[in-house]
Structure formats: structure tokens, C-alpha cells
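Listed below, chain by chain, are the residues.
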Amino acid sequence: MASAVVTAWVAAVALTGCGGDGNDGPAADQRVLTTDAVRKDLQAALKAGGFGQPSYVDAQSELMRRRPCQVMGRLRTHTAPDRKAAERAVAELEKRGWQATEPMADRSGVGWALDHDAGWTLSFLSGVASEDGVGAVLQGEEQDGEGAFKGLSFLGFGKKCGQAGATASP
């Protein structure tokens, strides 16, 4: 995750935001995705991969208040996550309506970009990154001084920010 994968994710974060006209009326075959629904999809995916509960960036943080249609978090593991377990998590997201791209991998990890017809994009990363690399994305998260982050990190953002997409989550 430290090189190409994290660089791609940081670039995606910098280029995204909540735009749109505030009208989140979905087509008849789309489900409305709120931040809570995205978190539920992520939690089901992590469970399918055999992972624990993630920590999320606080919905009341400055970063999240500026872009309310985001879900950002991570799950620290003691060793680099097993790729097969991460693939099971991505497969669960696909069952829930997310379309994944081919994984981007390097020696430090693997990452997927996923899109949902309801107007959301999700970056899902698994591997090892420097604390600086993760800290650049997860501003405000406490650093534990271990020197490297091992685990999963993710960022989901809604392309339209109507009321349905901007619900705050604990």
C-alpha cells in the first residue's frame, strides 16, 4: 500500500468531493445509499473476509463536515492482511451492488476501486503503508508510533449530496 496503491488512493481523495444538485432521487432499480448504508455494506464485507470492526473518521470532524457524503476508515491488523480474505470482502461488496475494478497490486498491498449505481465510489485497500501515508488520508486519526500501518483502509464518497446521502453516523 505504500507506493502505487496509496498514491492512487490519495489522488482519488484529492480529486473527489460531494457535488451534484442535491437531488438524490434514485432510479426505480437503484437503492438509496446513505453513509449508514455504506458503513453496513463495509461491515458485512469485513465480516465476510473474517476481519473485525473498523474505526471510522468521526462524522463531526472538520474533514467530514466539509464533505458529508463520505465514509472513511481503517482496520488495523497485526500482520499484513491475507489477500484471499480481502478478496472475500470485495466479493461481498459485489453481492451488495458494488462493481469492482481489477485489483491494483504492488509489493506492499492490493487495492480495488468500486462503484455503485446509486452514485457512490469506494476505494478499498489492503496491505502495509507508512503511518505518514495513512495519516495523509486519515487526518485526525491517532498515530500509535508503530511505524507502519498494517490492515485495511477505505474511502467511500457519494457523488451527489442530498439529504439522503448526508446522514451522520456515530
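Sequence positions are assigned chain by chain, starting from 1 and proceeding in written order. Reporting in this predicted model follows two pLDDT cut-offs: at least 70 for local features of residues, and 80 or more for side-chain atom pairs to be given and counted; totals over whole chains, interfaces and linings ignore these cut-offs and use all residues. With hydrogens and water stripped out, all remaining heavy atoms of the structure feed into the side-chain values.

Among the buried residues, those of types Ala, Val, Leu, Ile, Met, Phe, Trp, Tyr and Cys that are joined through side-chain atoms within 4.5 Å form a nonpolar core. A simple rule labels every residue: compare its accessible area, found with a 1.4 Å probe on the protein chains alone, to the largest value its type can have, and call it buried under 20%, exposed over 50%, or partly exposed in between. Counting 24 residues, the largest nonpolar core has Leu42, Trp98, Leu114 and Phe124 as the members making the most contacts within it. Going along the chain from the N terminus, every DSSP run of H or I of four or more residues is numbered as a helix, and every run of E of two or more is numbered as a strand. Those elements that place two or more of their residues in this core are α2 (35-48), β2 (70-76), α4 (83-95), β5 (109-116), β6 (120-130) and β7 (148-158). Here, two residues are considered to be in contact whenever any of their heavy atoms come within 4.5 Å of each other. Excluding anything up to four places from it in sequence, Leu42 contacts Tyr56, Val71, Leu93, Leu122, Phe124 and Phe154.

Another point: the packing of aromatic side chains. Aromatic contacts are taken between Phe, Tyr and Trp rings whose centres are within 6.5 Å, Trp giving its six-membered ring; a plane angle under 30 degrees counts as stacked, one over 60 as edge-to-face, and the others as tilted. Applying the stated criterion across every chain yields a total of two aromatic pairs. Arranged with centres 5.9 Å apart and planes meeting at 65°, the rings of Tyr56 and Phe154 form a pair that is edge-to-face. A residue pair is termed long-range when its members are at least 10 positions apart, and Tyr56 in strand β1 (residues 55-56) and Phe154 in strand β7 qualify at 98 residues. Here the two residues Tyr56 and Phe154 agree in accessibility, since each one is buried.

Examined against the element boundaries, Ala48 turns out to sit in helix α2. Owing to a relative accessible area of 31%, Ala48 belongs among the partly exposed residues under this scheme. Remark: the alpha-carbon pair of Ala48 and Ala85, spanning 37 residues in sequence, is separated by 8.0 Å. In this structure Ala48 touches Arg88 and Glu92, once residues within four positions along its chain are discounted.

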